[in-house]
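Read off the chains here:
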Amino acid sequence: MALDLDGTTLNDKPEISQMTKQAIKAAQDEGYIVSIVTGRPNRISENFYDDLSLKTPMINFNGNLGILPHNRWELEYQYTIEKDIVMDLLEHSQQLGINLLAVEGRNMFLANHGAKSNLGFFPSVIKSDEILNQHTLTDNPISITVELQSDAKQTFIDYTEAKFGDSVDVAPWGGPHPIVEVTTKGIQKATGLKILADYYGVSQKDIFAFGDEANDQSMISYAGHGIAMKNAIPSIKELATDITDFTNDQDGVAKYLRDHMGIAVGL
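Numbering of residues begins from 1 in every chain and follows the order in which that chain's sequence is written. Only residues with pLDDT of at least 70 get local features here, since the model is predicted, and only at 80 or more are side-chain atom pairs given and counted; chain-wide, interface and lining totals rely on the full set of residues. Processing note: side-chain calculations cover all non-hydrogen atoms of the structure and skip hydrogens and water entirely.

Engineer: Residues and numbers for the sheet that holds strand β3 (residues 58-60), please.
Structural biologist: Sheet architecture is open: three strands sit in the order β3-β4-β5, paired in antiparallel fashion. In this open sheet, the two strands that pair with only one neighbour each are β3 and β5 (77-78). Pairing geometry for strand β4 (residues 65-67) and β5, over two bridges, is antiparallel. Looking at β5, one finds that Leu65 is bridged to Gln78. At least two bridges found by DSSP between two strands are what make those strands a pair. Secondary structure elements follow DSSP: runs of H or I of four or more residues count as helices, runs of E of two or more count as strands, with numbering from the N terminus.

So, in structure tokens, the structure goes:
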């Protein structure tokens, strides 16, 4: 059972409700292997992993990082981007309309400055050794995330794809903010999901994957049971084999497990 976080397992606060915690525990008690497969970096998803008392590997950065939090995993992996791409985008940030440029790895966070408080995913205040430059960026990052001026998104996408499209994918985030993420070409959530399924010996037909946004497309398509949230975007609902009766803010995953998969949920 593969769980996206935002818009899926998390409510709109965003938190994991008590009902969802009980449902995930009940699913594990009944023999389901439950893993988080998220676009979030590990720095802001391990808290939810612990909240659910999971012991399975976790997939982060939309398939670009696979780890076993707090432990060593023999199949641990990461896909990274060349540092030169980061430096090029930083050098052309004014031309490209970049407000915030952040790079991340498993144990790395660097940005050109702190984020606006309403962005949420990024700290508003950063330390001096977290300021992105050629001296602090010593390793290739897993992900580049940029927040752009409202009219600059397509300009950035066109520039990055034209110059680096052979090695990276460029994907806008869902939601109201003009944010674009750059990651290794061809790596998606399904990349990590397949590694997990092979690791546990689970057939593709026996995978249940829950998601709501464009970055869940490969996972929903790969799983034998690709389940879209009621609040999912139309393209995900079209791909899905089923749709939850309730949204993420109405315990949609928990109620689906209870009502459609026969998992005994306490509430």
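So much for the structure itself; the text now carries on.
Engineer: Go over the nonpolar core, please, and point to the residues and values.
Structural biologist: Joining through side-chain atoms within 4.5 Å is the link that ties buried Ala, Val, Leu, Ile, Met, Phe, Trp, Tyr and Cys residues into a set, and such a set is a nonpolar core. For every residue, the accessible area obtained with a 1.4 Å probe (protein chains only) is divided by the maximum for its type, and the residue is called buried under 20%, exposed over 50%, and partly exposed between those limits. Met1, Phe210, Leu257 and Met261 are the most contacted members of the largest nonpolar core, which has 52 residues in total. At five residues, the largest contribution of residues to this core is made by helix α2 (residues 18-29). Contacts are residue-level and defined by heavy atoms, with any inter-residue pair within 4.5 Å sufficient. Dropping the residues within four chain positions of it, Met261 is found in contact with Met1, Tyr32, Phe208, Phe210 and Tyr256. Judged by nonpolar contacts, the second largest core, of 24 residues, contains Leu89, Leu96, Ile144 and Val182.

Engineer: Give a description of the pattern of salt bridges that names residues and reports values.
Structural biologist: When a carboxyl oxygen of Asp or Glu lies within 4 Å of a side-chain nitrogen of Lys or Arg, that pair is called a salt bridge. With the rule as written, the count across this model stands at 13 salt bridges. Among the salt bridges present, the one from Arg106 reaches Glu76, with a minimum N-O distance of 3.0 Å. Here the residue Arg106 occupies a position in the loop between β6 (98-105) and β7 (108-111), and Glu76 occupies one in the loop between β4 and β5, the gap between them amounting to 30 residues. Residue class for Arg106 comes out partly exposed when judged on its relative accessible area of 24%. Owing to a relative accessible area of 32%, Glu76 belongs among the partly exposed residues under this scheme. Residue Asp198 is joined to Lys194 by a salt bridge in which the shortest nitrogen-to-oxygen separation is 2.8 Å. Of this pair, Asp198 and Lys194 are both found in helix α7 (residues 189-200), four residues apart, which corresponds to roughly one turn of the helix. Residue Lys194 is classed as partly exposed on the basis of its relative accessible area of 39%.

Engineer: Any details on the pairing of strand β10 (residues 179-184)? Residues and values, ideally.
Structural biologist: Buried residues dominate β10, accounting for six of its six residues. Here strand β8 (residues 143-148) pairs with β10 via four bridges, running antiparallel. What sits directly across from Thr145, in β10, is Glu181. Taken together, the five bridges between strand β9 (residues 168-172) and β10 define a ladder with antiparallel strand orientation. Along β10, the bridge assignment pairs Ala171 with Glu181. What sits between β9 and β10 in their antiparallel hairpin is a turn of six residues, with Gly175 showing a positive phi close to 100°.

Engineer: Describe the environment of Glu104, with residues and values.
Structural biologist: As for its placement among the helices and strands, Glu104 is situated in strand β6. A relative accessible area of 4% means that Glu104 is categorised as buried. When the C-alpha atoms of Glu104 and Thr80 are compared, they prove to be 9.7 Å apart, with 24 residues separating the residues in sequence. Look past the residues within four positions of Glu104 in its chain and what remains in contact with it is Pro41, Arg43, Phe61, Phe109, Phe122, Pro141, Ile142 and Ser143.

Engineer: Go over helix α10 (residues 252-260) with me, naming the residues and quoting the values.
Structural biologist: If you check which residues of α10 are buried, you get Gly252, Val253, Ala254, Lys255, Tyr256 and Leu257. Next to the buried residues of α10 lie β1 (2-3), α1 (5-9), α2, β11 (208-211), β12 (225-228) and β13 (242-243). Once α10 ends, the next one or two residues include Gly262, with phi positive near 65°.

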